[in-house]
2 protein chains.
Amino acid sequence: MSDPTLHGYFRSSASYRVRIALALKAIPFDQSPVHLVRDGGEHLKPAYRAINPDGLVPSLTHSVGDQTHVLTQSLAIIDYLDEVYPEPPLLPRIALDRAYVRSVALQVACDIHPVNNLRVLKYLSGTLGITDEQRSAWYRHWIELGFASLEKRLSVDPRVATLVFGDTPTLADLCLVPQVWNARRFDVPLDAYPTIVRIAGHAMSLPAFAAAEPSLQPDAEPPPHSA
Amino acid sequence: MSDPTLHGYFRSSASYRVRIALALKAIPFDQSPVHLVRDGGEHLKPAYRAINPDGLVPSLTHSVGDQTHVLTQSLAIIDYLDEVYPEPPLLPRIALDRAYVRSVALQVACDIHPVNNLRVLKYLSGTLGITDEQRSAWYRHWIELGFASLEKRLSVDPRVATLVFGDTPTLADLCLVPQVWNARRFDVPLDAYPTIVRIAGHAMSLPAFAAAEPSLQPDAEPPPHSA
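Residues numbered from 1 in each chain as written. Chains lettered and ligands numbered in written order. Predicted model: local features only at pLDDT ≥ 70, side-chain atom pairs only at ≥ 80, totals over all residues. Heavy atoms only, no water.

Defined as follows: UniProt positions are given in the numbering used here, feature names are shortened, and annotations may be inferred rather than shown by experiment.
As named in an unreviewed UniProt entry, chain A is Maleylacetoacetate isomerase, taken from Paraburkholderia sprentiae WSM5005. Taken directly from UniProt, the Sequence similarities (unreviewed entry) text for chain A runs: "Belongs to the GST superfamily. Zeta family."

Given below as structure tokens:
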């Protein structure tokens with residue numbers, strides 16, 4: 001079994017989730033960056049479409065024996081990694097706790113992230129012709145709606161400690177941290193979500209989360225506002 | 001362990017997914033309908049918010065011992081049901097096959113469904129003031145984009161037979177069937193997706209899928225165009 005290759009983009013939060021999983025499990029992996037903006041988007045070109053017809057990142061290619069398998073959808077990739085490289089586990093042992101962790105992950109992955117995906121924002125600006133201001137308001141709206149209900153939930157759940165499930169990194173933290181990173185990138189104020197901010201802050205102090213941070217990836221670019 | 005209660009809405013495709021899972025596993029359950037339209041939406045009222053602060057359906061309440069647990073997020077609920085009521089399993093035995101099934105499910109649950117969620121459509125019409133025609137085009141666009149890549153994938157994957165994974169109902173079919181139902185409801189032409197249509201058609205011939213169909217639920221209403 002050779003090292004897997006992650007086809008992703010430094011700023012893609014779905015790629016970021018998978019990078020954290022790989023780092024937590026100390027799985028050596030190669031990165032094959034797919035630039036989502038340059039040249040109209042490398043993800044839409046034939047070279048990447050041959051790997052993932054969806055044109056979405058990330059994909060993980062993984063050779064087992066003489067076969068190369070292509071895995072898509074970040075949460076499916078993470079579940080696969082958790083099954084094939086079980087240590088440390090990314091889900092709790094008890095079914096009800098697993099359901100809790102999965103539901104927090106899905107609140108981010110289904111309710112917040114897809115609505116603010118690059119292709120959705122492009123449709124809003126391009127096809128519907130909304131203004132930059134409307135686009136920023138849209139972006140904030142879905143993060144604020146999602147974070148408000150997540151904060152309400154996490155602020156009272158006894159399972160929350162330094163992380164979403166006690167002090168053990170789980171799938172939930174893997175989804176939460178990149179979403180907080182996204183929110184900060186788009187200057188969404190986070191004062192109303194102290195539990196979320198505290199959890200993300202603690203997670204970022206852990207080496208695996210820190211190593212997966214977008215600015216440290218091989219395809220990272222300086223932020224547009226910097227010199 | 002008492003019978004679980006599903007808090008859902010007959011037309012909600014996330015509720016529909018969970019109904020199919022419950023039916024496949026022959027789990028007796030009660031339904032507590034939450035009307036998403038009437039009175040500005042029962043899901044936004046305190047009674048339902050007390051169950052799920054998100055105000056999203058479905059939720060599943062489940063009493064184990066003297067505790068009542070609230071489960072949210074359809075895919076987390078289905079995973080939980082699959083773990084607690086393992087027969088018949090909704091995921092294949094082999095990790096790579098599980099990743100395949102999960103990724104098909106997530107293509108629907110993350111890439112198609114959230115962007116066409118009721119609250120997103122409301123924001124487009126209300127806050128952004130788009131026309132009904134633009135709203136229909138939006139709806140079609142995301143289904144067509146998602147179904148096109150799913151069709152490309154399913155039409156060549158050797159694991160596809162009468163269903164997404166051989167002839168065994170899996171999480172993938174549970175997500176696909178309600179999405180096809182949605183597409184039909186909004187008159188999205190499906191001729192370009194013969195594999196998807198064939199799989200959904202076969203699934204609907206199975207009793208568990210048929211029993212979960214929206215029009216057969218206790219809160220079902222006749223379609224707006226009917227007499």
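**Observations regarding empty space enclosed by the protein**
Cut-off, in case you're wondering: In this analysis a 1.4 Å probe is tested at points of a 1 Å grid over the protein atoms alone, and where it fits but cannot get out there is a cavity; an open set with protein on both sides within 12 Å along at least five of seven lines is a pocket; lining residues have an atom within 4 Å of a point. Grid points are joined across faces, edges and corners, and a volume is the space filled by probe spheres set on the points. The secondary structure listing takes helices from DSSP runs of H or I that are at least 4 residues long and strands from runs of E that are at least 2 residues long, numbered from the N terminus. Residues are grouped as follows: Ala, Val, Leu, Ile, Met, Phe, Trp, Tyr, Cys and Pro are nonpolar; Asp, Glu, Lys and Arg are charged; all remaining types, including Gly, are polar.
Scanning the model with the defined rule gives three cavities of 30 Å³ or more in all. Taken as a whole, the largest cavity holds about 130 Å³ of empty space. Lining the largest cavity are 14 residues, and of these D79 and R102 of chain A together with D79, R102 and L106 of chain B lie nearest its centre. Elements supplying a minimum of two residues to the lining of the largest cavity: α3 (74-84) and α4 (95-112) of chain A together with α3 (74-84) and α4 (95-112) of chain B. Of the residues contributing to the lining of the largest cavity, the split by class is 10 nonpolar, no polar and four charged. Estimates place the volume of the second largest cavity at around 50 Å³. Looking at the second largest cavity, the residues that line it are D54, L56 and R119 of chain A together with Q107, D111, I112, L145, G146 and S149 of chain B. The set of elements that each furnish at least two residues to the lining of the second largest cavity consists of α4 and α6 (132-154) of chain B. Each residue belonging to the lining of the second largest cavity can be placed in one class, and the counts come to three nonpolar, three polar and three charged.

**Examining the interface of chain A and chain B**
Our working rule: Pairs of residues are marked as contacts when any of their non-hydrogen atoms sit within 4.5 Å. Simply put, the buried area is the total loss of 1.4 Å probe accessible area from both parts when two parts are fitted together. For this analysis, a salt bridge means a side-chain nitrogen from Lys or Arg found within 4 Å of a carboxyl oxygen belonging to Asp or Glu.
Between chain A and chain B, the contact holds 41 residues from the first and 41 residues from the second. A combined buried area of about 3800 Å² lies between chain A and chain B, and 67% of that area is made up of carbon and sulfur atoms. At the boundary of chain A with chain B, the tally comes to four salt bridges. The shortest N-O distance in the salt bridge between E83 of chain A and R98 of chain B comes to 3.0 Å.

**Considerations on the UniProt feature "domain: GST N-terminal" (unreviewed entry) in chain A**
Using the residue numbers shown here, the UniProt feature "domain: GST N-terminal" (unreviewed entry) corresponds to residues 2-89 of chain A. Between the first and last C-alpha atoms of residues 2-89 of chain A the distance is 21 Å; the span itself is 31% helix and 19% strand.

**Things to note about the sheet that holds strand β1 (residues 5-7) of chain B**
Residue and element names in this part refer to chain B. Our working rule: We treat two strands as partners when DSSP finds at least two bridges between them.
Here four strands make up an open sheet; going across it, the order is β2-β1-β3-β4 and the pairing mixed. Two strands lie at the open edges of the sheet, namely β2 (30-31) and β4 (67-72), each paired on one side alone. In this sheet, strand β3 (residues 59-64) lies alongside β1 in antiparallel orientation, the contact comprising three bridges. Note that in β3 the partner of H7 across the bridge is S59.

**Description of the nonpolar core**
If you look at soluble globular proteins, the nonpolar side chains tend to sit buried side by side. Defined as follows: Within this scheme, the nonpolar core is defined by two criteria: the residues are buried Ala, Val, Leu, Ile, Met, Phe, Trp, Tyr or Cys, and they are joined through side-chain atoms within 4.5 Å. We call a residue buried when its accessible area falls under 20% of the maximum for its residue type, exposed when it is over 50%, and partly exposed in between, using a 1.4 Å probe and counting protein chains only.
Residues W138 of chain A together with W138 of chain B are the most contacted members of the largest nonpolar core, which totals 134 residues. Contacts of W138 of chain A, omitting those with residues within four sequence positions, involve V115, N116, V120, L121 and L124 of chain A together with V120, Y123, L124, L128 and W138 of chain B.

**Examining the relation of the copies chain A and chain B**
Stated precisely, the cut-off is as follows: We place the copies in one frame by least squares, fitting the C-alpha atoms of every residue whose pLDDT is at least 70 in both.
Expressed as a screw transformation, the operator carrying chain A onto chain B has a rotation angle of 180 degrees and an axial translation of 0.0 Å, and the superposed copies differ by an RMSD of 0.0 Å. Taken together, these values place the two copies in the relation of a two-fold axis. Comparing contact sets, 100% of the residues at the interface of chain A also lie at the interface in chain B, consistent with an isologous, same-surface contact.

**Some details on unusual backbone geometry**
The peptide bond linking V57 of chain A to P58 of chain A adopts the cis configuration, its omega dihedral lying at 0 degrees. Mapped onto the elements, P58 of chain A comes out in the loop between α2 (46-49) and β3 (59-64). Its identity as a non-glycine residue notwithstanding, D39 of chain B has a phi of 55 degrees, on the positive side. Its place among the elements puts D39 of chain B in the loop between β2 and α2 (46-49). What makes D39 of chain B exposed here is its relative accessible area of 60%.

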